[in-house]
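Geometric and topological summary
So you can see what is in the structure, the chains are spelled out below.
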Amino acid sequence: MPDLLEPEIVQEKISELAISDADSDVIFDEERKALSIAEYLELKALALKSARDFLTMYIAIPGKDKSCLPERTTFYGQIPRTAFEMYEHTKNVNGYYFGEIGVSADNEGNILECRERGFASLEKRPGFLNNTVYLGSYDEEWSLRKVLRRFIWHDRIHARAMYRMAIKTFGDNAVPNVFIFEA
């Protein structure tokens with residue numbers, strides 16, 4: 001059994017966002033540093049594995065438009081309730097996240113395909129490992145490191161929601177637990 005992990009606060013930020021509904025607009029000091037090619041390839045592999053696992057779970061859900069979840073509203077509107085809505089929402093941040101660092105990307109095809117194309121477009125840019133910080137939408141600072149973190153974070157929160165919804169709606173063994181969530 002691994003040792004008990006102790007969280008450590010490394011940075012704080014006051015934000016107007018409702019953190020219970022979304023990630024904050026923080027860019028960590030570490031997310032301003034350049035990346036080595038080895039570090040980039042490792043983080044990219046995690047972001048692609050996350051997309052692949054999300055797609056695997058989505059494909060396995062028997063009723064993509066069914067959900068037992070009640071409607072709920074957050075600061076950005078109705079939350080996704082069905083597997084289809086959760087999948088589309090998660091896939092469709094691809095163009096947004098890459099766009100925040102000046103990379104042209106789209107949301108066409110499945111979540112893995114559009115993410116792979118986004119990385120391919122990024123990698124054509126000279127100096128992409130310099131990790132330039134951009135001022136994006138809503139005056140939020142973005143870097144490649146932050147995009148990589150946000151892909152993984154965003155996939156995971158919506159995969160967890162989709163997994164929980166699927167087992168509540170279709171039964172305990174309805175979908176593979178590819179993210180290894182606790183019930």
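Throughout what follows, the structure given in this document is the object of discussion. Counting of residues starts from 1 at the beginning of each chain's written sequence and follows it residue by residue. Per-residue local features are limited, in this predicted model, to residues with pLDDT of at least 70; the limit for side-chain atom pairs, both in listing and counting, is 80 or more; totals at the level of whole chains, interfaces and linings are taken over all residues. With hydrogens and water excluded, all non-hydrogen atoms of the structure serve as input to the side-chain values.

Turning to the overall build of the chain, a few remarks are in order. A run of H or I in DSSP counts as a helix once it spans at least four residues, and a run of E counts as a strand once it spans at least two, with each numbered from the N terminus. Along the chain, the regular secondary structure elements total five helices and four strands. Tracing the chain from N to C terminus, the helices and strands come up as α-β-β-α-α-α-β-β-α. Only protein chains enter the accessibility calculation, which uses a 1.4 Å probe; a residue whose area is less than 20% of its type maximum is buried, one above 50% is exposed, and one in between is partly exposed. Residue burial in the chain is summarised as follows: out of 183 residues, 40% are buried. Contacts: residue pairs with any heavy atoms within 4.5 Å of one another. At a minimum sequence separation of 6, the contacts of the chain that also span at least 24 residues come to 63%. Only the protein chains shown count as cover for residues, with accessible areas throughout obtained via the Shrake-Rupley method and a probe of 1.4 Å. When the accessible surface of the chain is summed, it comes to about 10600 Å², and 54% of that surface belongs to carbon and sulfur atoms.

Moving on, we get to unusual backbone geometry. Backbone geometry at N131 places phi at a positive 65°, although glycine is not the residue there. Residue N131 is classed as buried on the basis of its relative accessible area of 2%.

In this text, buried Ala, Val, Leu, Ile, Met, Phe, Trp, Tyr and Cys residues form a nonpolar core when linked through side-chain atoms within 4.5 Å. Residues Y40, F119, L122, L144, F151 and M162 are the most contacted members of the largest nonpolar core, which totals 39 residues. Going through the elements one at a time, α1 (37-60), α2 (83-91), α3 (94-100), α4 (111-123) and α5 (144-170) are the ones with two or more residues in this core. With ten residues, α5 is the largest single contributor of residues to this core. Those residues within four positions of L144 in sequence are excluded, and the remaining contacts are L35, Y40, I101, L122, F128 and N131.

Next up on the list: the packing of α1 against α2. Orientation is described by lines fitted to C-alpha atoms, with helices fitted over the stretch in contact, and by angles between N-to-C directions that extend from 0 to 180 degrees. Interaxial distance between α1 and α2 falls to 10 Å at its minimum, and their mutual angle equals 160°. Judged on the interaxial angle alone, α2 and α1 are roughly antiparallel. Where α1 crosses over α2, the two elements pack in a sense that is left-handed. Contact with α1, carried on its side by F54, L55 and Y58, involves A83, F84, M86, Y87 and T90 of α2 and no other residues of that element. Think of it as three bins: nonpolar holds Ala, Val, Leu, Ile, Met, Phe, Trp, Tyr, Cys and Pro, charged holds Asp, Glu, Lys and Arg, and polar takes everything else, Gly as well. Among the residues forming the contact of α1 with α2, the class breakdown is seven nonpolar, one polar and no charged. Oblique is the label for any angle not covered by the other classes, which are roughly parallel (under 35 degrees), roughly antiparallel (over 145) and roughly perpendicular (65 to 115). Crossing handedness follows the turn of the near helix against the far one: under a right angle anticlockwise gives a left-handed crossing, and clockwise gives a right-handed one.

Residue placement: N110 occurs in the loop between α3 and α4. Identification of polar contacts relies on pairs of N or O atoms within 3.5 Å, with a donor-acceptor requirement for protein atoms, meaning one able to donate a hydrogen and the other able to accept it, and with residues adjacent in sequence counted only if both atoms are side-chain atoms. Here the side chain of N110 touches L112 through a polar contact of 2.9 Å, landing on its backbone nitrogen. Reaching out from N110, the side chain makes a polar contact with the backbone nitrogen of E113 at a distance of 2.8 Å. Ignoring anything within four residues of it in the chain, the contact list for N110 reads L55, Y87 and K91.

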